Amino acid sequence: MKVRHIGNNWFPLLGMALLFLLSGAISMVTDKGNGADAGFFAVGMLVVGAVSALWLWKHPSWWIAPRNHYLYLVGGTAFAVAVSMLLPFLNGTGPWLVLGAALAVYGYFERFRLLMTVGAGVALAGLLTAVIHAEIIGGALHLVSTAILAVGANRLHILRHGRRRESADSEPDFIGSFEEFDPNEALRP
């Protein structure tokens, strides 16, 4: 029996964070303009999407919406990335906008506000990068998107696996040794 949990989406978000980090590094090193490299996004999205699909196949999410909605989202995202990377007025940020919007729609399908907020934040950063044509701003917004995705992945991982607790390496006799204790209290009736 497969256990479905929304926290299983931490791995795809981490993959997207790495995609944004590598894309930002590549675009800043190769001097592509404002920090967006549409070709790397398109190819990287296919790789991250395939690895995420394998992960979610083994560790399924809630999948509340009908299955066709998810298939339309995947197809629409792939088509929109292919078309938006060719639009010159987006300055290479088309796939960035599409990935952020697709993540927000996926969060809507899953009825989970964290995914919607992360997707909207990534899409907003992509929109700002399309509008502002400074290279340093584009690189900074790549880092902001990476941080948004990494924090979202961390929240989902904590939701799935819980917080780490202190290990019980202390001796059982140690527990309660700092309590105030009146030795005469035990002798009173």
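Because the structure is a prediction, the values reported are computed rather than measured.

Draft legend 1. Representation of the overall build of the chain in the model. A tally of regular secondary structure across the chain gives 6 helices and 0 strands. Beginning at the N terminus, the succession of helices and strands in the chain can be written as α-α-α-α-α-α. Looking at the chain residue by residue over its 189 residues, the buried ones come to 38%. Sequence separation of at least 24 residues holds for 76% of the intrachain contacts in the chain that already meet a minimum separation of 6.

Draft legend 2. A look at the nonpolar core. If you look at the biggest cluster of nonpolar residues, it comprises 32 residues, and the most contacted ones within it are Leu-13, Phe-20, Leu-115 and Leu-149. Those elements giving two or more residues to this core turn out to be α1 (10-29), α2 (38-58), α3 (67-84), α4 (94-110), α5 (113-131) and α6 (135-161). When residues of this core are assigned to their parent elements, the largest contribution, 7 residues, is made by α4. Residues contacting Leu-13, with those up to four places away along its chain left out, are Leu-103, Leu-115, Val-118, Leu-149, Gly-152, Ala-153 and Leu-156.

Draft legend 3. Just the packing of aromatic side chains, in detail. Inspection of every chain in the model, using the stated rule, returns 10 aromatic pairs. Measuring from ring centre to ring centre gives 5.6 Å for Phe-20 and Trp-96, while their planes differ by 70 degrees; the resulting arrangement is edge-to-face. Of this pair, Phe-20 sits in helix α1 while Trp-96 sits in helix α4; the two residues are 76 residues apart in sequence, bridging distant segments of the chain. Here Phe-20 matches Trp-96 in class, with each residue buried. Here Tyr-108 and Phe-109 contribute two aromatic rings whose centre-to-centre distance is 6.4 Å and whose plane-to-plane angle is 50 degrees, an arrangement assigned as tilted. Among the aromatic residues, those joined into a ring-pair cluster are Tyr-70, Tyr-106, Tyr-108 and Phe-109. In this arrangement the basic side chain of Arg-111 is found over the ring face of Tyr-108, its NZ or CZ atom lying 5.5 Å from the centre.

Draft legend 4. Spotlight on α4. With 17 residues, α4 extends 24 Å between its outermost C-alpha atoms, agreeing within 8% with the 24 Å of an ideal straight helix rising 1.5 Å per residue. Here α4 lies mainly inside the structure; 14 of its 17 residues are buried. Once α4 ends, the next one or two residues include Arg-111, with phi positive near 60 degrees.

Draft legend 5. Spatial organisation of the packing of α5 against α6. It is at 9 Å that the axes of α5 and α6 come closest, and there the two elements cross at 175 degrees. With respect to their mutual orientation, α5 and α6 come out roughly antiparallel. Note on element contacts: α6 touches α5 through Gly-138, Leu-141, Ser-145, Ile-148, Leu-149, Gly-152, Arg-155 and Leu-156, opposite Leu-114, Leu-115, Val-118, Gly-121, Val-122, Ala-125, Leu-128 and Thr-129. Its residues assigned to classes, the contact of α5 with α6 comprises 10 nonpolar, 5 polar and 1 charged.

Rules of the game
- Residues numbered from 1 in each chain as written.
- Predicted model: local features only at pLDDT ≥ 70, side-chain atom pairs only at ≥ 80, totals over all residues.
- Heavy atoms only, no water.
- Helix = DSSP H or I, 4+ residues; strand = E, 2+ residues; numbered from the N terminus.
- Buried < 20%, exposed > 50% of the residue type's maximum accessible area, 1.4 Å probe, protein only.
- Contact = heavy atoms within 4.5 Å.
- Core = buried A, V, L, I, M, F, W, Y, C linked by side-chain atoms within 4.5 Å.
- Phe/Tyr/Trp six-rings, centres within 6.5 Å; stacked < 30°, edge-to-face > 60°.
- Lys NZ or Arg CZ within 6 Å of the ring centre and 35° of its normal.
- Expected span 1.5 Å × (residues − 1).
- Axes fitted to C-alpha atoms, helices over the stretch in contact; angles between N-to-C directions.
- Parallel < 35°, antiparallel > 145°, perpendicular 65-115°, else oblique.
- Nonpolar A, V, L, I, M, F, W, Y, C, P; charged D, E, K, R; others polar.

Purely spatial values, then, with no claim about function.
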